[in-house]
Amino acid sequence: MKKWLIILGIITCMAGLTACGKQEQDAENVMPTQDALDLGASLARALDQIEVVSQGSSDYVSYAAAQLGIDEAVLENAVASWMGATGDMGNYIETVEVTENTMEYEEYYGSNYPVSGTISVRLKGSEHDAIMEIVCDNYALISISTNIDYTFGESMARAGLNTLLGMGTVFAVLILISFIIAAFGLIPKLFEPKKPVENKKADDIVSQIVEREELSDDTELVAVIAAAIAAYEGSGSTDGFVVRSIRKAKNSKW
């Protein structure tokens, strides 16, 4: 039993030594922190100068790409990313620290050159800090991106604002669609033939004339009946009585 424990201990020690040797070997292949920081600082200064001098002009970007030995398309994307970040970052001040370094390098005539991997450096701006990510593959820069490093509170506020804008846009579109659907019922009415306008004024005049004629006929009838009653009673005037109504008798002998 002790023999197996000793063998197991030896195997464990050998595995630990192998892992330590591999970590030391990997650490030796990673670019030194100061060199990674200098690389990030030099690229940040170059991008800041391109923005200040040319405002992203394609002619100057082509010239700068040739001078820096960077692919023109890679530099154009890097400049666009930098200009998009400086709106919130403000003026570039300095490169502060290396936040990630997996860049393999190669020493050539006393200088270290990136081979493959990623370097991320923190940039200090007048308004916000930013993170620049540099990616190399097979001795060539293939990507340089700059993103604002927002605080947790700022990130939550931006997420909430984006949510409100998205929901507001959706509700606005739904309300617009509901109005359009409601308008479909009014469209047929717009194309219906107009009804002839009745001449109400003329009808009113006719009714007034008929009413006046009926009233005048009643006045004459009242006067005739009043005179007949006065003659029947032997009085010469109709001052002694007033005719208030005229009714037709049911059993008339006339």
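Everything below is about the structure printed above this text.
Because the structure is a prediction, the values reported are computed rather than measured.

Let's shift gears to the overall build of the protein chain. Secondary structure summary: the protein chain contains 7 helices and 5 strands in total. Its helices and strands taken in sequence order, the protein chain reads α-α-α-α-β-β-β-β-β-α-α-α from the N to the C terminus. Across the 254 residues of the protein chain, 20% fall into the buried class. Element-wise, carbon and sulfur atoms account for 59% of the exposed surface of the protein chain, whose accessible area totals about 19200 Å².

Turning our attention to the nonpolar core. One finds Leu47, Leu75, Trp82, Ile119, Leu123 and Met132 to be the most contacted residues of the largest nonpolar core, which totals 29 residues. Where this core is concerned, the elements lending two or more residues are helix H2 (33-54), helix H3 (58-68), helix H4 (72-89), strand S3 (111-125), strand S4 (130-137) and strand S5 (140-148). Discounting chain neighbours no more than four positions away, the residues touching Leu75 are Leu47, Ile50, Val61, Ala64, Ala65 and Ile70.

Another point: the packing of H2 against H3. It is the contact of H2 with H3, at a shortest axis distance of 11 Å, that shows an interaxial angle of 155°. Between H2 and H3, the angle is such that the two are roughly antiparallel. Seen from above, H2 lies across H3 with right-handed handedness. Residues Ala46, Gln49, Ile50, Val53 and Ser54 of H2 touch H3, and the partners they reach there are Tyr60, Val61, Ala64 and Leu68. The class makeup of the residues in the contact of H2 with H3 is 7 nonpolar, 2 polar and no charged.

Reading guide: rules and limits
Each chain has its residues counted from 1, running along the sequence as written. Local features in this predicted model are restricted to residues of pLDDT 70 or higher, and side-chain atom pairs are both shown and tallied only at a pLDDT of 80 or more, whereas totals for entire chains, interfaces and linings draw on every residue. To get the side-chain values, all heavy atoms of the structure are used, and hydrogens and water are removed first. In this description a helix means any DSSP run of H or I spanning at least four residues, a strand means any run of E spanning at least two, and both kinds are numbered starting from the N terminus. With a 1.4 Å probe rolled over the protein chains alone, any residue whose accessible area is under 20% of its type maximum counts as buried; one over 50% counts as exposed, and the rest are partly exposed. For the area figures, the Shrake-Rupley method with a 1.4 Å probe applies, and any residue is considered shielded solely by the protein chains shown. Grouping buried Ala, Val, Leu, Ile, Met, Phe, Trp, Tyr and Cys residues that are joined through side-chain atoms within 4.5 Å yields what is termed a nonpolar core. Working rule for contacts: check all heavy atoms of both residues, and any pair within 4.5 Å makes them a contact. Axes here mean lines fitted to C-alpha atoms, for a helix over just the part in contact, with angles spanning 0 to 180 degrees between N-to-C directions. The scheme is simple: roughly parallel for angles under 35 degrees, roughly antiparallel for over 145, roughly perpendicular for 65 to 115, oblique for anything else. Put simply, a crossing is left-handed when the front helix is turned counterclockwise from the back one by less than a right angle, and right-handed when it is turned clockwise. Each residue gets one of three labels, nonpolar for Ala, Val, Leu, Ile, Met, Phe, Trp, Tyr, Cys and Pro, charged for Asp, Glu, Lys and Arg, and polar for the others, Gly among them.

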